[in-house]
Every structure is written in C-alpha cells, then in structure tokens.
Amino acid sequence: RTQLRGDEVIVVSNREPYLHQRNEDGSVVVKRPASGLVTAVEPVMRACSGTWIAHGSGSADREVVDANDRIRVPPGHEDYTLRRLWLTEEEEAGYYYGFANEGLWPLCHVAHVRPVFRESDWQRYREVNQRFADAVVAEARSEDPIVLVQDYHFALLPAMVRAKLPRATILTFWHIPWPNPESFGICPWRRELLEGMLGSTILGFHTRYHCKNFIETVDRYLEARIEHEHSVVSYRDDETFIESYPISIEWPDDETVARRPSVDECRQAVRRRLGLPEDQLIACGVDRFDYTKGIVERLHAVERLLEKYPRWIDRFSFVQVAAPTRSSLPEYRVFQDRIKEITERINTRFGNDHWQPVRLLAEHHDSDAVNELYRASEVCVVTSLHDGMNLVCKEYCAARDDEAGVLILSRFAGAARELNEALIVNPYHVEETADALHRALTMPRAEQRERMASLRMTIREANVFRWAGLMLADAGRSRLRERIEARV
Ligand code: G6P
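Residues numbered from 1 in each chain as written. Predicted model: local features only at pLDDT ≥ 70, side-chain atom pairs only at ≥ 80, totals over all residues. Heavy atoms only, no water.

S.K.: Please provide a residue-by-residue account of the layout of surface pockets, values included.
M.R.: Counted as a void, the second largest pocket has a volume near 480 Å³. Contributing to the lining of the second largest pocket are 21 residues, with T201, E239, S478, R481 and E482 lying nearest its centre. (1 Å grid on protein atoms, 1.4 Å probe; cavity = no way out; pocket = protein on both sides within 12 Å on 5 of 7 lines; lining within 4 Å. Points joined across faces, edges and corners; volume = space filled by probe spheres on them.)

In structure tokens, the structure reads:
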C-alpha cells in the first residue's frame, strides 16, 4: 500500500471480481466467480483502492449496477470502484469465446486441443481491446496512472493505452503459460500480439521459464533488441522489462482462522452431506471444468488405485468439484460429458449398493464450501496438464491449519517450482499418480505434518501481497527513473 501513495491504480481484466445477480424475489445477491485471477488480484485491489474495469459477463442484470455502470465493492466495504463494460453478444462470441478461449487458451497451454483462429474473432478481439483501452483512458484522472492489465484477453491493450497515455506505467500480467516460439508461431497474428504486449512497461509471467519462452518468441518474430542481462526488450521506442512474479493467495488472518469450523466438524459435515461413512478417507479435486486441469487423467489414476490396491475399495472416496465454465464452447461441453461418462463407468465397475468411489459435484461452490471440503479431505489432487500457476494447491495448504493432509501436485503447474514438499507427479503417467494416491493415503501423520508445515510457510511468505508488492516496487523504480530522466 505504501508503494502506491498518491498514485492512481486502474486494473483491467475480462472477469469481474463480483457478480451482482437478481433473485426471483427481486433481491440482489453478490457472488464471487471461480477464477484464479480474481482470487489473486481482488485482495490487492481492496488494499490499494482505485478502479477495476471488467466485462459485465456474469452480472446478467445490468440494472442492478448504477447508471454509470460503476459500483463500489466489496459490498459493505466499498474499497474500490468496479466499472463494467457491457459487450454485445457478437463481441463476446468473437473476443471472449472465440479468439481468447478457442485461440489463445489452447495455444498457450499446449494441451493437445488444437487452437482455432478465425478472422472474425480476431476482429472482435481487436475491437474489444480498443473499447477497454478507451475506458482506461476515460477513467484516468492523471497523465501517468498505474494500469494493471490482466491476462490473455488483453494482449493488444498495452500498446493501445501507451498510444494515448505515453507516461502511464503499464504492468501486464499473463496468468497462463507462455509456450515456446514454435508453438506460439502458429498464430496468424503473432506479430500483432507481441507488439501489443510490448506496449507494457513491465510484463510479468509466473515463472522464469515462461519469461524465457516469451523473450525467445520476440527474438524469433520481431526485430527487437534484447538485453538478456537485464531482461529488457527494446522495440521501436518502447522498453519492456520482462520478469517472473509467482502469483499466490491472500494468507488467512487470525480472525478468519478463528471463525473456521474445526477440522472434525468439516469432516463430519462433508461425510454427512455426501452420505459417506465416518471412517471413509477422502481425496478431493477442485477445478473449473476445463480440459487443461487433467481431470480425465486423475480419474484414470483413481481407477488404477482401486485396481492395484483393492484395500481402498469401500474405504476411500474421490470428490471432484468441477465448476462449469465456458460451456457455450463445444470443446468444453464434450469434455464435461466425457468426465461424466468416465465417472459413471468407474462407479459401475467398482461401486456397490452403499459405496461409489467417485463423487462428481459439477457446480460452483463458494469459498466456505470449498474450504470445508479442503479441511475434510485427507488428500488434495491437482493434476493440471499445464497451468500458469494454479492456486487450488495453495488454498488447500492455507486451509490446513492443523498441518495435516497431503498435496499431490502436477509437475506441469507453475506452483510445482515452489511447493517442493508436495508429492509431485506427471499427470500423464497414470501409474505414478495412482501410486502417489496410495502413498498419500498411507502417509504417517508425522511426515504429513513435516511436509504441510513447510508448504504453509512457503505460501504464507510468498503470498499475493508479495506478488503485487514486487511488481509495484519494480514499477516504482521505473517511475523514479523516468522522473529523473525527465529532469535531465
Ligand atoms: C484462468 C484465467 C483467468 C480466468 C479464469 C476463469 O484462471 O487465467 O483469466 O478468469 O481462468 O475463466 P473465465 O473464462 O471463467 O473467466
């Protein structure tokens, strides 16, 4: 917060941090969407105030927002302004569903889903980027605001804002992986995307590896000067500093921890709700229903566990929370159906009258419900095929103040670089994940405690305020340098 004294902060993201929806009785409910980006950026915005510009996608009811499309949030605290932009169906189809989620999402995750590039989606993507850039310029009260641009929905926006506000400090954070130059090079508009991003003052990724991939991509496709020593790319008149800033979560404060129901209460509540016997061990998965999350591979590992270690039959349940996401896209619908089929097949193969090994809860759960499940689960399984960071694994550890529980984590999630005490697996290797499940379910309490305590220490220190603080400190240095240079 101190780093921002006197500076104006504007965040731009596609996903809004709060959804305002009207119930049937006319009352308004406020919900939080399932988004790693929102989980991470929202606490930072609460601390530093300013304006958050987002697409009013989840707030179906436009009238519940005031006449200027502006509302102070969070409800009851009103720390910052949420400014919504409303997109037409055509804009949403081309920019969000089309170019962002059928093009850039599979392109960057290299998840064996072939990216789709349509000329019309690209046009909408450009137009919507321009609309958001115009909104940033309109919101700015100073010539040099700090603009925090979030994610792959806005690759073109940094250069668009730079054109109008040359003195702005633009921090762009790419929340998903950046692939190698060959993979990225198949995008027909690779040059335009790179040029757009290089309008940023600072461009952040989760890991050094993604930074290296980005710099190599620029080197391959643009005539830019690259200073490897300082990670600076000079292109035309702009300099962009490329750095890794591993994102994280807000570490729960003492008051939050004190308010939590005990682990025993959570165990009982979850087992009662799902109709599981008291002595049943639970492993959980909590994801958006997305093909990058490795849910198929995870179910195959559960199946292999039951085959290879039949002692778990009747004694273990795998509970998968899968929040529906981007369901208008065929890839997502096919994927959801496939998971339902595999679940049924495994349940038919191993289940009996009183026991089903897999529980699929295909609906959005609020954070209290998710925390209850984390505290009730002996194991949490994160098997993303590729993930920028992944925050579920960090949330699970943060929920385990009893220092019990085991985390199984994909080596292809950015988080695997920090969370060394998890059981790290290759999610494509079903046997290895099944063995890790068995090992987790039989791990002695002392070993669990040792691993969990260390994981918790890492996450508590490298929390989301450190993520934002590191970026803002670099922004502060860059602003100071500019002020000094302007005086010369
Ligand atoms: C990922 C992306 C975010 C996005 C979230 C949820 O974490 O990096 O930008 O908000 O998924 O996806 P959705 O499309 O529902 O916003």
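What follows picks up the thread again.
S.K.: Got a sec to walk through empty space enclosed by the protein? Specific residues and values, please.
M.R.: It is a probe the size of a water molecule, rolled over the atoms, that shows where empty space is left. A full pass over the atoms with the stated rule returns 3 cavities of 30 Å³ or more. Its volume calculated, the largest cavity comes out at about 70 Å³. Forming the walls of the largest cavity are V44, L148, Q150, L171, W467, A468, M471 and L472. Elements supplying a minimum of two residues to the lining of the largest cavity: β7 (146-150) and α16 (464-487). For the lining of the largest cavity, the leading source of residues is α16, giving 4 residues. In terms of residue class, the lining of the largest cavity is made up of 7 nonpolar, 1 polar and no charged. (Helix = DSSP H or I, 4+ residues; strand = E, 2+ residues; numbered from the N terminus. Nonpolar A, V, L, I, M, F, W, Y, C, P; charged D, E, K, R; others polar.)

S.K.: So what about the packing of helix α2 (residues 89-109) against helix α3 (residues 119-139)? Which residues, and what values?
M.R.: Interhelical geometry of α2 versus α3 gives an angle of 110° and a closest axis separation of 8 Å. Here α3 runs roughly perpendicular to α2, going by the angle between their axes. Where α2 abuts α3, its residues E90, E91, A93, G94, Y95, G98, F99, A100 and L104 lie against D121, W122, R124, Y125, V128, N129 and R131. Class assignment of the residues belonging to the contact of α2 with α3 gives a composition of 8 nonpolar, 3 polar and 5 charged. (Axes fitted to C-alpha atoms, helices over the stretch in contact; angles between N-to-C directions. Parallel < 35°, antiparallel > 145°, perpendicular 65-115°, else oblique. Contact = heavy atoms within 4.5 Å.)

S.K.: Describe the pattern of salt bridges, and please don't skip the residues or the numbers.
M.R.: Tallying each qualifying case throughout the model produces 43 salt bridges. A salt bridge links E195 to R236; its shortest N-O distance comes to 3.4 Å. Here E195, found in helix α6 (residues 190-197), pairs with R236, found in the loop between β11 (232-235) and β12 (238-244); they are 41 residues apart in sequence, far enough to count as distant. Under the relative-accessibility criterion, R236 is labelled exposed at 65%. A salt bridge links E447 to R451, with the nearest nitrogen and oxygen atoms 3.0 Å apart. Here the residue E447 and the residue R451 both occupy positions in helix α15 (residues 445-461), the gap between them amounting to 4 residues, near one helical turn. By relative accessible area, which is 24% here, E447 ends up partly exposed. (Salt bridge = Lys/Arg side-chain N within 4 Å of Asp/Glu carboxyl O. Buried < 20%, exposed > 50% of the residue type's maximum accessible area, 1.4 Å probe, protein only.)

S.K.: Kindly report on the environment of K308, identifying the contributing residues and their values.
M.R.: Locating K308 in the fold gives a position in helix α10 (residues 295-308). Taking relative accessible area as the criterion, K308 reaches 32% and is therefore assigned partly exposed. Setting aside its immediate chain neighbours within four residues, K308 contacts E431 and D435. Separated by 2.8 Å, the side chains of K308 and E431 make a polar contact. (Polar contact = N/O pair within 3.5 Å; in protein donor to acceptor, adjacent residues only side chain to side chain.)

S.K.: Report on a nonpolar patch on the surface, specifying residues and quantitative values.
M.R.: Together, L480, I484 and V488 line one region of the surface with nonpolar side chains, adding up to about 320 Å² of accessible area. As for its position among the elements, L480 is in helix α16. (Patch = residues over 30% accessible without salt bridge, like charges linked within 9 Å, V, L, I, M, F, W, Y side chains within 5 Å. Areas by Shrake-Rupley, 256 points an atom, 1.4 Å probe, with all protein chains shown as cover.)

S.K.: Describe unusual backbone geometry, with residues and values.
M.R.: Note that the residue after V73, namely P74, is joined by a cis bond; omega there is -10°. Within the element layout of this structure, P74 appears in the loop between β5 (70-73) and β6 (80-85). Even without being a glycine, E78 presents a positive backbone phi close to 55°. Relative to the assigned elements, E78 resides in the loop between β5 and β6. Non-glycine residue R236 carries a positive phi angle of around 50°.

S.K.: Describe the site of the ligand, with residues and values.
M.R.: For the ligand, the set of nearby residues contains 14 residues, the closest of which are R15, S35, Y96, D151 and R326. Residue S35 places a side-chain N or O atom 2.9 Å away from an oxygen atom belonging to the ligand. Between the ligand and R326, the relevant distance is 2.8 Å, taken from an oxygen atom to a side-chain nitrogen or oxygen of the residue. (Near = heavy atom within 4 Å.)

S.K.: Any chance you could break down the sheet that holds strand β8 (residues 169-173) for me, citing the residues and the numbers?
M.R.: Across the sheet, 10 strands lie side by side as β5-β6-β4-β1-β7-β8-β9-β12-β11-β10; this open sheet has mixed pairing. Looking at the sheet topology across the chains shown, the edges are occupied by β5 and β10 (225-227). Neighbour-to-neighbour, the strand axes of this sheet turn through a mean angle of 20°, independent of strand direction. Where β5 and β6 come together, 4 bridges link them in antiparallel fashion. In the sheet register, I71 faces β6, and the bridge partner there is L82. Running over the sheet, α3 touches β1 (9-12), β4 (51-55), β5, β6 and β7 and is turned about 160° from β4. (Pairing = 2+ DSSP bridges.)

S.K.: Help me get a handle on the side chain of S244, residues and values and all.
M.R.: Of note, S244 is situated in strand β12. A residue is classified by how much of its surface remains accessible, and S244, at 18% relative accessible area, is buried.

S.K.: Lay out the sheet that holds strand β16 (residues 379-382) in plain terms, naming residues and giving numbers.
M.R.: Strand order in the open sheet formed by 6 strands is β15-β14-β13-β16-β17-β18, and the pairing between neighbours is parallel. Only two strands of the sheet have a single neighbouring strand rather than two, namely β15 (358-361) and β18 (423-425). Taken pair by pair, the neighbouring strands of this sheet meet at an average axis angle of 20°, ignoring direction. In the sheet, strand β13 (residues 281-288) pairs with strand β14 (residues 316-323) via 8 bridges, with the strands oriented parallel. Residue C284 lies in a different strand from β14, and its bridge partner there is V319. Lying over the sheet, α10 contacts β13, β14, β15 and β16, oriented at roughly 170° with respect to β14.

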